[in-house]
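Coordinate inspection notes
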Amino acid sequence: MTGKYNSLLLLCYFSAMFEDIQTLEGKLQGLRGIFRLEELRRELARLNEQAGKPEFWNDPAAAAKIQKRRSECEETVSLFDRLTSELKDAGEFAPMAEQGDAQIQKELETKLSHVRKTLDELEFRRMLGQELDRSFAIMSINSGAGGTEAQDWVQILLRMYLRWAERRGFAAAIVDSLPGEGAGFKNVTLTIDGAYAYGYMKGEIGIHRLVRISPFDANARRHTSFASIMVLPQVDDKIDIQVDEADLRIDTFRSSGAGGQHVNKTDSAVRLTHIPSGIVVACQNERSQHKNKAQAMKILKARLYEKERLEREQEMSKLEGEKKKIDFGSQIRSYVLQPYQLIKDHRTNFESGNVQAVLDGDLDGFIRSYLLAKAAEGTPAS
């Protein structure tokens, strides 16, 4: 009786596995159409042909743009080809696993798990269809009222986003910071380089609230701290943002640091003030003044682009006779560490009791829920 029961369980198990393979194949087929895979193949072939011409590098700027687009197309096409191959292998392995080969069965489960996770990621990217969603990101974290408490909260958030970027294989770097008085930062700016970094991070814009027993309070009282986050897309070269040098005031200064032999002894840090708009940006992470200026100019262009975009949206709101909701400046998420532990997003009601995992960069649940909520509303996430 036990043998028949085990055989029945095994039959059900492999029946479900075959059904899983078919479901994944159907999902992959649907995503091929959504991502216009065959169009991408043709575009990649054209770009490869252009890159192979002897005169290709005569115009370095144009060549760099082509290479960037070529890399994007190649990444997507290769990913779909790899998934197709893995599902084909899974279909061939399944009958052998059904015969009781434990090693093949384990390999098959691992392969299907990887395919499922990758397809979920591709479906996630479907929600990132806005013009700048593929862009790299520029993030600014600013302390609110609360002195040392709020400045320490900025440092905690900075660590959280750096860990998130590390998990995704993105390159994150601090480009400017103003240390706090006693702990943390008053404000910090970082770049996050990776495909869709802006699309993922734009849902973090707003006020983040922390409730905890203060490590800076001798009486161990509970404190509430606030920090605001702004995220901008790194403006692509295809978007023409003109900055007249005559409109800039350029100041140089020594980079701030903790001291010691690595403190910069020259005025390599750069601050740009765009006089017409009043926008001020600074960069001090590079030892070269030239590199710091280039990075600061990139951030300035991103902020000018965002300013122009918001002005257009406000003008459209006036024409439509309605007031547009602006998320920035509203409390979007609470991080409660005492008297209980819970992190909750107030826009989506998504929450997690594993606060340490979230503060260690496990943010994908919050990001996904925000994008899904926007998709359900039929409005672009912004």
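Note that the coordinates shown come from a computational prediction; the quantities given were computed from them, not determined experimentally.

Strand order in the open sheet formed by three strands is 6-7-8, and the pairing between neighbours is antiparallel. In the strand order of this sheet, the two ends are held by strand 6 (248-253) and strand 8 (279-283), each with one partner. Ignoring strand direction, the axes of neighbouring strands in this sheet form an average angle of 15°. Where strand 6 and strand 7 (residues 269-274) come together, six bridges link them in antiparallel fashion. Note that in strand 7 the partner of Leu-248 across the bridge is His-274.

On to helix 9 (residues 364-377). Here helix 9 is 14 residues long and its end C-alpha atoms lie 20 Å apart, about the 20 Å a rise of 1.5 Å per residue gives. Residues of helix 9 that are buried: Phe-366, Ile-367, Ser-369, Tyr-370, Leu-371 and Lys-374.

Here we take up the sheet that holds strand 4 (residues 206-213). With respect to topology, eight strands assemble into an open sheet ordered 2-3-1-5-4-9-10-11, the strand pairing being mixed. Every interior strand has two partners, whereas the edge strands, strand 2 (171-179) and strand 11 (351-352), have only one. Here eight bridges tie strand 2 to strand 3 (residues 185-193), and the two strands are oriented antiparallel to one another. The residue of strand 3 that forms the bridge with Ile-174 is Leu-190. In the packing of helix 5 (residues 148-168) onto the sheet, contacts are made with strand 1 (137-143), strand 2, strand 3, strand 4, strand 5 (222-233) and strand 9 (331-336), and the angle to strand 3 comes to roughly 10°.

Rules used in this analysis
- Residues numbered from 1 in each chain as written.
- Predicted model: local features only at pLDDT ≥ 70, side-chain atom pairs only at ≥ 80, totals over all residues.
- Heavy atoms only, no water.
- Pairing = 2+ DSSP bridges.
- Helix = DSSP H or I, 4+ residues; strand = E, 2+ residues; numbered from the N terminus.
- Axes fitted to C-alpha atoms, helices over the stretch in contact; angles between N-to-C directions.
- Expected span 1.5 Å × (residues − 1).
- Buried < 20%, exposed > 50% of the residue type's maximum accessible area, 1.4 Å probe, protein only.
- Contact = heavy atoms within 4.5 Å.

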